[in-house]
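Breakdown of the fold
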Amino acid sequence: KSVEGSIKCADDAPKELLHKLHVEYLATYSSNPKHAMEKTISEYLRMSGAYWTLTGLRLLGAADRLDRSELLRFIGQCQTPAGGVAGSVGHDPHLLYTLSAVQICCMYDALDTLDVPRLVEYVAGLQRPDGSFQGDSWGEVDTRFSFCAIACLTLLNRLDAIDTAAAGEFVLSCHNWDGGFGSRPRSESHAGQMYCCLGALSLLGRLGELDADRTGWWLCERQLPAGGLNGRPEKLPDVCYSWWVLASLSILGRLHWIDEESVTRFILASQDGEDGGISDRPGDVCDPFHTLFGLAGLSLLGDRSLAPIDPVLCMPTETVRGRGVRPQVLT
Ligand SMILES: COc1ccc(S(=O)(=O)N2Cc3cc(-c4ccc(C=O)o4)ccc3N(Cc3cncn3C)C[C@H]2Cc2ccc(O)cc2)cc1
Ligand SMILES: [Zn+2]
């Protein structure tokens, strides 16, 4: 029997969304001594952890549980003289954390926390002649970073600072024959890269250049018998892939192609019924990363007990529309 088929949802698995438990989990994660070890390991990504936590609490309607001024002060301390934002105080800047910082400031309507002109300069400076983006000064190129740069500049209304035509050409050059997208040209198709490439093309208004049926088909192939979605063929289902795949299908206007009932059951079964939080699959340890993407997936699937989420920017729709941003989606 194939291993991925064996991930069954136990009958006593949670079947309802445990809102209050998740609010407590997210609101107390960084102060809970139980997570001290993980906190040390993940200090380098603290800025992204703050974005995952705040966005998750926003979806639950409990963002007031975080200390706004403390978080904005932290962001101010993480912006470097080069203009980029680091994952934690004293660390090196990177596009991943620069996007997280801009997303948080947009949710708080506090962009004056950042030196925006310098930040824009930093992002534009990472674009290479072939249109691609490196994540930081070390030079790694990945379509994830194309998305980070384009999403960041869209939120700041500064797409004029980069060569958008070349950026779009590079992303399209990473489209594979199987309908998927990879990190770089001829890289293996992966659901995370699919989400980043579709998001980038959406913000560049170039989704029309895709074969949406072929791309949608690769995405639907990610769903396994137990309902969960995986990131590549033969891999195990994982809650965060629920988000990458569901958001991608939503951008393509083909969300209804997936079996929504069984993926909902898979996400709900991945909740921790004791301490709150959502893990990558039933029975595993929870973290804020999978908690956000589980909640975001449920919001996309129409759970109206959660705030609506924008499938391209993974931020509350209210914040995205408030910035005058209306990302292209296919119907
Ligand atoms: C625990 O091991 C990891 C492995 C990779 C990473 S990562 O930063 O490269 N990243 C995001 C990520 C975060 C967590 C996590 C644990 C605790 C917290 C606190 O907020 O966040 C856990 C996993 C994780 N991964 C790894 C992963 C998820 N599902 C399968 N895997 C192998 C994703 C990884 C890449 C990434 C994805 C989206 C994004 O916006 C940034 C980075 C982090 C921890
Ligand atoms: Zn995951």
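Overview of the structure.

1. Some words on the overall build of the protein
Of regular secondary structure, the protein possesses 14 helices and two strands. With respect to the three principal axes, the spread of C-alpha positions in the protein is 55 × 45 × 35 Å. A total of 331 residues make up the protein; the buried ones form 60% of that total. Partitioning the intrachain contacts of the protein with sequence separation of at least 6 by distance along the chain shows that 69% fall at a separation of at least 24. Accessible surface for the protein amounts to roughly 13900 Å². Of this, 51% is attributable to carbon and sulfur atoms. Across the protein, the 29 positively charged side chains and the 42 negatively charged ones have centroids separated by 1 Å.

2. Here's the deal with the site of ligand 1
In the vicinity of ligand 1 lie 13 residues, with Leu45, Trp52, Asp238, Cys240 and His290 positioned nearest. Asp238 places a side-chain nitrogen or oxygen 3.1 Å from a nitrogen atom of ligand 1. In this structure, His290 approaches ligand 1 through a side-chain N or O atom, which is 3.2 Å from a nitrogen atom. Protein chains shield 58% of the accessible area of ligand 1, which is 770 Å² for the free molecule. Every element with two or more residues in the shell around ligand 1 is listed here: helix 3 (46-59), helix 11 (239-251) and helix 13 (288-300).

3. Focus on the packing of aromatic side chains
Under the definition given, this model contains nine aromatic pairs. Centre to centre, the rings of Tyr195 and Trp244 are 5.4 Å apart; their planes meet at 40°, and the pair counts as tilted. Of this pair, Tyr195 sits in helix 9 (residues 191-203) while Trp244 sits in helix 11; the two residues are 49 residues apart in sequence, bridging distant segments of the chain. Following the ring pairs from residue to residue traces out a cluster consisting of Trp52, Phe147, Tyr195, Trp243, Trp244, Phe289 and Phe293. The residue whose ring lies beneath Arg46 is Phe74, and the NZ or CZ to ring-centre distance is 4.0 Å.

Definitions and limits used
- Residues numbered from 1 in each chain as written.
- Chains lettered and ligands numbered in written order.
- Predicted model: local features only at pLDDT ≥ 70, side-chain atom pairs only at ≥ 80, totals over all residues.
- Heavy atoms only, no water.
- Helix = DSSP H or I, 4+ residues; strand = E, 2+ residues; numbered from the N terminus.
- Buried < 20%, exposed > 50% of the residue type's maximum accessible area, 1.4 Å probe, protein only.
- Contact = heavy atoms within 4.5 Å.
- Areas by Shrake-Rupley, 256 points an atom, 1.4 Å probe, with all protein chains shown as cover.
- Lys, Arg positive; Asp, Glu negative; His and termini not counted.
- Charge placed at Lys NZ, Arg CZ, Asp CG, Glu CD.
- Near = heavy atom within 4 Å.
- Polar contact = N/O pair within 3.5 Å; in protein donor to acceptor, adjacent residues only side chain to side chain.
- Phe/Tyr/Trp six-rings, centres within 6.5 Å; stacked < 30°, edge-to-face > 60°.
- Lys NZ or Arg CZ within 6 Å of the ring centre and 35° of its normal.

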